[in-house]
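Examination of the molecular architecture
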Amino acid sequence: MLKRNSRTLAMGCMALTCTLFTTTSFAQPSPTTEVTWQVVNRFPLFLKDVYFARIAGIRTTENPSGDRLWNANGSAGDTVDTKGFTQKLRDVFPVVSETAWQPVSGTYAEPELMRTRNSIVAQSSIVGQNCQWELKDLMAESITKRVDADCAYSPALPIDITKTYELRLLDRNGLALLPATRVKTRSRLVVAMGDSFASGEGNPDHPAILGSSEHTVPEKWMILPIGKGNFRLKDSSPTNGARWLDDACHRSLMSWPALTALRRAVMNPHEVVQFASFACSGAEVYDGILTRQENPPGAGYALGTVDRVNTKITRLRHSQISSLSHLVCEKSNDATLNGIGGEKIQVNHSTFFKKVYTPQCTKVRHQVDDLLLMVGGNDAGFSSIVMWVLRPQELKIRLPFLSPILNAAVTKAMHPLTPEQAGAAFPHFEGLYSNVRLALARVGVKEESTQLALYPFILSAESVATPEARTSCTLRTADGFMPLQTLVGERAIHEGARFGAIINNLDRLKEDYITPLREAQKKNIGLWRTIDTATAFEGRGLCDTDVCEGDNCSTGDLIRWQWRDSDEHNIPWSEKSCEKANLTKQQVSYFCKAAPMRNPSYFDAYDPTRRRGLRFGNDAFLAAAGVFEKSPGQKVFRQDPITGLAHPTGNVHARIADLVSLSD
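Described in the following lines is the structure provided in the data block. (Residues numbered from 1 in each chain as written. Predicted model: local features only at pLDDT ≥ 70, side-chain atom pairs only at ≥ 80, totals over all residues. Heavy atoms only, no water.)

1. Observations concerning the nonpolar core
Put simply, the rule is: As used here, the term nonpolar core means buried Ala, Val, Leu, Ile, Met, Phe, Trp, Tyr and Cys residues forming a set that is joined through side-chain atoms within 4.5 Å. The rule is simple: take the accessible area with a 1.4 Å probe, protein chains only, and divide by the maximum for that residue type; under 20% is buried, over 50% is exposed, in between is partly exposed. Contact between two residues is taken to exist if any of their heavy atoms lie within 4.5 Å; hydrogens are not considered.
Leu45, Phe46, Tyr108, Met193, Leu324 and Tyr513 are the most contacted members of the largest nonpolar core, which has 128 residues in total. Apart from residues lying up to four places away in sequence, Tyr513 is in contact with Gly377, Ala380, Gly381, Phe382, Ile385, Pro419, Ala422, Phe426 and Arg508. Residues Ala122, Cys151, Leu167 and Leu178 belong to the second largest nonpolar core, which totals 20 residues.

2. Points about the pairing of strand β18 (residues 370-374)
Keep this limit in mind: Numbered from the N terminus, helices here are DSSP runs of H or I no shorter than four residues, and strands are runs of E no shorter than two. Pairing between strands requires that DSSP locate at least two bridges from one strand to the other.
Of all 5 residues in β18, 5 are buried; the element is thus mostly enclosed. Residues Asp370, Leu372 and Met374 of β18 are buried on one face, and the alternating residues Leu371 and Leu373, pointing to the opposite face, are buried as well. One ladder, built from 5 bridges, connects strand β12 (residues 186-194) with β18; its direction is parallel. Residue pairing in the sheet places Ala192 in a bridge with Leu372 of β18.

3. Points about the sheet that holds strand β11 (residues 181-184)
Under the convention used in this document: Comment: axis = line fitted to C-alpha atoms, over the contacting stretch for helices; angle = value between 0 and 180 degrees taken between N-to-C directions.
If you trace the 4 strands from one edge of the open sheet to the other, you get β8-β7-β10-β11, paired in antiparallel fashion. Taken across any chain shown, the strands that pair with only one partner, and hence form the sheet edges, are β8 (142-150) and β11. Neighbouring strand axes in the sheet, compared pairwise and without regard to direction, differ in orientation by 25° on average. Note that strand β10 (residues 164-170) and β11 share 4 bridges and pair antiparallel. Looking across to β11, one finds that Leu167 is bridged to Thr181.

4. Describing helix α9 (residues 382-390)
Across the 9 residues that make up α9, a large majority, 9, are buried. Of the residues making up α9, those classed as buried are Phe382, Ser383, Ser384, Ile385, Val386, Met387, Trp388, Val389 and Leu390.

5. Section: the environment of Asn333
Tracing the backbone shows Asn333 in strand β14 (residues 329-337). Not counting residues up to four positions away in its chain, the partners in contact with Asn333 are Thr358, Pro359, Gln360 and Thr362.

Here you go:
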């Protein structure tokens, strides 16, 4: 959701009673029933069968024991909230080159994503002997495959998903051992569009693998060059850094749309789910959805590596609607889309209703079955509201004449907006959403096939119900946004300069901004259905974790950095500093007893013990850290604590996925 401006800002298994992988198979048939079968790669975004096989527990040559990542109950939330989940992602989520997404062209490889060639595997209740597995094309009335194999499990049998087959299990004399089984598959095209809440910002497919040595200079951990500190990745290899399905947009397989599609594929053995996400962090209706987006968060890293002559590409190659047309339209023309509501207008930092051209399909090649959409938050200044909540009070530094300059720079970089300022966009949602509906209709997307996700309440009333809880929220968020403090606030010389939740602003956030935003969404949906993401955040808001002391902290709640000697204005404090300082009882409890993260390798991006469902700057940085190879032999440490903060964790994305019901 946080829209990056590179010119202004530097940067289920209950109680752990099951293991990550369980050896399972699909339901065992009784001796009198037909054989059971399933499609091997039901998620053709993955070019290699083995990745989906490891997720769904399919016995294949490369997954002979049928190891399974996905929880048997089908829940995405229970799957992600399993101990050891993060450590297995490099085995089950492919790198982008092994997917149908093509970052150079900014499109999906349609022949691969929509391919009809696939294979099935089958099993029966007959064990301990060999049989013949026979597959017959019913339309052509010809045997397409006959193979001798174990009666219990067939090898992979090639199919075309548009055809109907008959599968038979025969003895050595060609006699049927069980009734013939009809093999008929179906396909479903699921598309995602929208902003960072839809792209999965803050949640890489492969989170960074961090070094194991204790960092000795925690207050400088994000600004040291490579090799100058013993905190960093496990080593300087780019493979240990964070990886995304799309680096430019921070588009992730850990997003709720992707997990929704994966859940559907896992739980429907006869269905192929063709998933294509175009969502991009920072997107607005008129900057991303309908036009090419400026300054996506990974532009300097991802797009710059495509064209090394011009490393400052600041626009994506296509708008989201244009990329969708490349996938679903056999032929298309550009048609004028005039802004509904009059001439273009400027609202805060956004431009609405400018004249644009969007594609018009003259012939639809692929019909979208489900479109999952989340957009409007950036149009209404969501990122600026977050900065309004976190922005410190007026900064004062030891050279007073420089304080105004510093304050002006911080304000320009953060672009804070009050609820009243951000709310100026709400009356224009009718026109914005109408234009999105029209653009989607032009590429054949039916209005009733679209589901719009509502923005969540990011703070629960219970977490700030008492004065002590309110103070704790301020202190905890200040610790959690240490990257911002390092960049700016460490030069301040008074307590109010720390970044952290301003309670008075938090008090206003729900009623003065989030509720009106959700109402503006619901009022203008037309025939779209809605997904209320608020349910997924219950008990997982920004301050829903208690401050823990000593060894009582779960790994997921360790957000502090190493102790260090400090004066009274720099935190966290060391025990020596605590003895000297004049602290309140609550400050002693927090500053002197709250445990730090002594070793970055302890960090788990999808730690199931983390109650908090939103990224702080600290863990946003750790999850997305990486090494960018700017040119051959020249490596740059990628440090981005900004774009991922205040975004849902992958655990919450999984909970949202469990709320989504795709069309029948």
